[in-house]
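Structural description and commentary
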Amino acid sequence: MSAFTQLDYLDLDDQYSEEELMVRDTVRGWITERFNPVVMEHFEEGTFPMELAPELGELGVFGPTTPEEYGGAGMNSVAYGLICQELERGDSGLRSFCSVQGSLVMWPIHEYGSEEQKREYLPKLATGEMIGCFGLTEPDFGSNPGGMLTTARKDGNDYIINGRKMWITNGSVAQIAIVWAKVEGRIRGFIVPTDAKGFSAPNHNHKWSLRASYTSELVMEDVRVPASAMLPGADGLRGPLQCLTQARYGIAWGVIGSAYACFDETLRYQKERISFDKPIAAYQIPQMKFANMATDITCASLLNLRLGRLKDEGRFTSAQVSMAKRNSCKVALETARTCRDMLGANGVTLEYQTGRHMLNLESVITYEGTHDIHTLAIGAEVTGIMAFR
Ligand code: FAD
């Protein structure tokens, strides 16, 4: 894969601090040297390079906003966004691996966990010594997680968990699962060791998207955990939803990393490839496509940057995150589809990364709230009328 040059039409680099740029460039170098050479093979095999987890821990990309006292790097949200952008320039599977670990496992433990839970789990999760997953979705409850059927029943000093979760990223490679279950009808979160008796995590095979990522079912049959496994600070659907707001923020930045990668690969290709004695990029139709994509990607990056600054000032809303997640996924998927076409037959091979990104983005536009559900979340905020129930 040739060197990467990022489109920066409005000199956005000027808007980032030196530290933010340093973090981004460090992750960028690692992606180019360590991840890009192996991703195609893993995508083909349907595997994730687990041996890279300690290096990712060293890079500081697991829960980078977690305070240093718990093993995190205490970074700001814009630096975190730029990390996600670089990770997903590599592959959405890699960014998903890190998003789950940071936003859906470390974040709830830090936000809702007891002091003992924070001290026990966060440092190991930050180094990658321990991997986590997040079990919310069920076979019949995706967009409407509040309908979940998984239950946790009190039995002396323990809880007994029964239920099935579906489409769980990292499920089969995790040592702990954050499992959301109903206790007497109320949603609570539990830290469940995946080696507990009655717990299994069979992989969903035959995916044609996010192939470099393990996606599993979580099957829980009378899984017994101590009462101390419950996250004391999470009570009700708000608990998992707030985790999703954190993860969606990272996705909004991440997928634009895929878009930058597709744009760069296609621009190089069309400047070099000759058709009827001229580079393809010299024709008007390709130029219109490049102009449209450059505009959409730049607008999405501006939205993400503004959202990041609002988040760091503590005044961002979940509907604003819906806007960014929805917009970025749409822009990235449309960019990938357009670039795939512009690469001609080469666009359908894995030798070029664009087709892989395009396939991945079909998952990302669905998970963590589908495009249409985010449309309704924005609609509810701007009209004051909820339309998705
Ligand atoms: P449904 O909710 O059945 O939706 C189907 C279609 O109907 C969609 O187009 C949707 O927009 C539309 N729709 C549904 N309800 C409405 C409505 N009220 N109004 C209008 N339209 C509506 N989940 C986890 O808990 N943890 C994970 O780690 C995880 N990882 C995933 C990884 C992958 C690769 C994938 C594909 C999914 C993952 N998910 C995970 C699950 C994901 O979050 C759900 O698939 C997603 O929330 C959508 O739910 P669903 O598939 O049940 O679709």
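Chains are numbered independently. Their residues run from 1 in the order of the written sequence. Local features in this predicted model are restricted to residues of pLDDT 70 or higher, and side-chain atom pairs are both shown and tallied only at a pLDDT of 80 or more, whereas totals for entire chains, interfaces and linings draw on every residue. Side-chain descriptors were evaluated using all non-hydrogen atoms of the structure, hydrogens and water having been removed beforehand.

**Describing the packing of aromatic side chains**
Note on ring pairs: Phe, Tyr and Trp rings are taken, using the six-membered ring of Trp, and paired if centres are within 6.5 Å. Classes follow the plane angle, with under 30 degrees stacked, over 60 edge-to-face and the rest tilted. Taken as a whole and judged by the stated rule, the model has nine aromatic pairs. An angle of 50° between the planes, with centres 6.1 Å apart, marks the rings of Phe-62 and Phe-97 as tilted. Here Phe-62 is found in the loop between helix H2 (53-59) and helix H3 (77-90), whereas its partner Phe-97 is found in helix H4 (residues 92-112), with 35 residues between them in sequence. Through a chain of ring-to-ring contacts, three or more aromatic side chains come together here, namely Phe-48, Phe-62 and Phe-97. The side chain of Lys-154 reaches across the aromatic face of Tyr-159, ending 5.6 Å from its centre. We count a charge as sitting over a ring when the NZ of a lysine or the CZ of an arginine lies within 6 Å of the ring centre and within 35 degrees of the ring normal. Above the ring of Tyr-283, the side-chain terminus of Lys-278 is found at 4.6 Å from the ring centroid. Secondary structure elements follow DSSP: runs of H or I of four or more residues count as helices, runs of E of two or more count as strands, with numbering from the N terminus.

**A few points about the environment of Gly-156**
Within the secondary structure, Gly-156 is located in the loop between strand E2 (151-155) and strand E3 (158-169). With a 1.4 Å probe rolled over the protein chains alone, any residue whose accessible area is under 20% of its type maximum counts as buried; one over 50% counts as exposed, and the rest are partly exposed. Residue Gly-156 is classed as exposed on the basis of its relative accessible area, which comes to 55%. Through-space distance from the C-alpha of Gly-156 to that of Asp-11 is 61 Å; in sequence the pair is 145 residues apart.

**Description of the UniProt feature "domain: Acyl-CoA dehydrogenase/oxidase N-terminal" (unreviewed entry) in the chain**
Following the UniProt record, the feature "domain: Acyl-CoA dehydrogenase/oxidase N-terminal" (unreviewed entry) maps to residues 17-129 here. As annotated, residues 17-129 has a helix share of 73% and a strand share of 0%, and its two end C-alpha atoms lie 31 Å apart. UniProt positions are given in the numbering used here, feature names are shortened, and annotations may be inferred rather than shown by experiment.

**Side note on the domain arrangement of the chain**
How big an interface is tends to be stated in terms of the accessible area lost upon association of its parts. Domain limits in this description derive from either an automatic procedure or a database domain assignment. According to the domain assignment, the chain consists of domain 1 (12-127), domain 2 (132-235) and domain 3 (239-383). Computed from C-alpha coordinates alone, the two centres of domain 2 and domain 3 are separated by 30 Å. For the pair domain 2 and domain 3, the two sides together bury roughly 880 Å², of which 75% comes from carbon and sulfur. Two N or O atoms count as a polar contact when they lie within 3.5 Å, although within protein this holds only if one can serve as hydrogen donor and the other as acceptor, and sequence-adjacent residues are included solely when both atoms are side-chain atoms. At the junction of domain 2 with domain 3, the criterion picks out four residue pairs in polar contact (both at pLDDT 80 or more). A per-class count over the side of domain 2 that touches domain 3 returns seven nonpolar, two polar and one charged. By convention, the term buried area covers the 1.4 Å-probe accessible surface removed from two parts as they join, with the contributions of both added. Here the nonpolar group is Ala, Val, Leu, Ile, Met, Phe, Trp, Tyr, Cys and Pro; Asp, Glu, Lys and Arg are the charged ones; every other residue, Gly included, is treated as polar.

**Quick notes on the packing of helix H6 (residues 238-272) against helix H9 (residues 354-364)**
As a rule, the C-alpha atoms of each element are fitted with a line to give its axis, helices using only the stretch in contact, and angles between N-to-C directions run from 0 to 180 degrees. At a minimum axis separation of 10 Å, H6 and H9 run at an interaxial angle of 155°. Comparing the axis directions of H6 and H9 gives the class roughly antiparallel. For the pair H6 and H9, the sense of crossing is left-handed. Residue-level contacts link Ile-251, Val-255, Ser-258, Ala-261, Cys-262, Glu-265 and Thr-266 of H6 to Thr-354, His-357, Leu-361 and Val-364 of H9. Along the lines of polarity and charge, the residues of the contact of H6 with H9 split into six nonpolar, four polar and one charged. Small angles under 35 degrees read as roughly parallel and large ones over 145 as roughly antiparallel, with 65 to 115 read as roughly perpendicular and the rest as oblique. Crossing chirality is assigned from the near helix's rotation relative to the far helix, an anticlockwise turn below a right angle marking it left-handed and a clockwise turn marking it right-handed. We call two residues contacting when some pair of their heavy atoms lies within 4.5 Å.

**Quick notes on the UniProt feature "domain: Acyl-CoA oxidase/dehydrogenase middle" (unreviewed entry) in the chain**
UniProt's entry tags residues 133-223 with the feature "domain: Acyl-CoA oxidase/dehydrogenase middle" (unreviewed entry), counted in the numbering of this structure. Helix makes up 0% of residues 133-223 and strand 52%. Its end C-alpha atoms lie 16 Å apart.

**Quick word on the site of the ligand**
Any residue with at least one heavy atom within 4 Å of a molecule or strand is counted as near it. Near the ligand, the surroundings consist of 18 residues, among which Thr-137, Ser-143, Trp-167, Thr-169 and Thr-370 are the closest. Contact between the ligand and Trp-167: a nitrogen atom at 2.7 Å from a main-chain N or O atom of the residue. Working definition of accessibility: Shrake-Rupley area with a 1.4 Å probe, residue cover restricted to the visible protein chains. Notes on the ligand: free accessible area 980 Å², of which the protein chains cover 66%. Taken together, the elements giving at least two residues each to the shell around the ligand come down to E3 and helix H10 (371-383). Here the shell around the ligand spans two domains, and each of domain 2 (132-235) and domain 3 (239-383) adds at least three residues to it.

**Comments concerning the pairing of E3**
Two strands qualify as a pair provided that DSSP identifies no fewer than 2 bridges between them. Taken together, the five bridges between E2 and E3 define a ladder with antiparallel strand orientation. Counted as the bridge partner of Lys-154 is Tyr-159 from E3. With antiparallel pairing between neighbouring strands as the criterion, E2 and E3 make up a hairpin whose turn holds two residues, including Gly-156 at a positive phi of roughly 65°. With nine bridges connecting them, E3 and strand E7 (residues 215-226) associate as antiparallel partners. Across the sheet, Ile-160 pairs through a bridge with Arg-224, a residue of E7.

**Side note on helix H1 (residues 18-45)**
Expected helix span is taken as 1.5 Å per residue step, with the number of steps being one fewer than the number of residues. If you check H1, its first and last C-alpha atoms are 39 Å apart, about what 28 residues at 1.5 Å a residue would give, namely 40 Å. Bend at a residue means the angle formed by two fitted axes: the first through the 7 residues ending at that position, the second through the 7 residues beginning there. The largest bend in H1 amounts to roughly 50° and is located at Phe-35, with the proline Pro-37 lying one to four residues further along. Looking one or two residues past H1, Gly-46 carries a phi angle of roughly 75°, positive in sign.

**Comments concerning the nonpolar core**
With 48 residues, the main nonpolar core has Leu-56, Leu-87, Leu-94, Ile-109 and Trp-180 as its most contacted residues. Those elements that place two or more of their residues in this core are H1, H2, H3, H4, helix H5 (115-127), strand E4 (176-183), strand E5 (186-193) and H6. A per-element tally of this core places H4 first, with ten residues. Dropping the residues within four chain positions of it, Leu-87 is found in contact with Val-27, Ile-31, Leu-56, Val-61, Leu-94, Arg-95 and Cys-98. Grouping buried Ala, Val, Leu, Ile, Met, Phe, Trp, Tyr and Cys residues that are joined through side-chain atoms within 4.5 Å yields what is termed a nonpolar core.

**Structural notes on H4**
Along its length, H4 reaches its greatest deviation from straightness, about 30°, at Met-106, and the proline Pro-108 lies no more than four positions downstream. Summarising burial for H4: 19 of the 21 residues are buried, a large majority. A side-chain oxygen of the first residue of H4 lies 2.7 Å from the backbone nitrogen of Gly-93; this N-cap is Asp-91.

**A word on the environment of Ala-377**
By the secondary structure assignment, Ala-377 is in helix H10. Spatially, the C-alpha atom of Ala-377 lies 9.3 Å from that of Gln-320, the residues being 57 residues apart in sequence. Those residues in contact with Ala-377 that sit more than four places away from it in its chain are Ala-319, Ser-322 and Phe-388.

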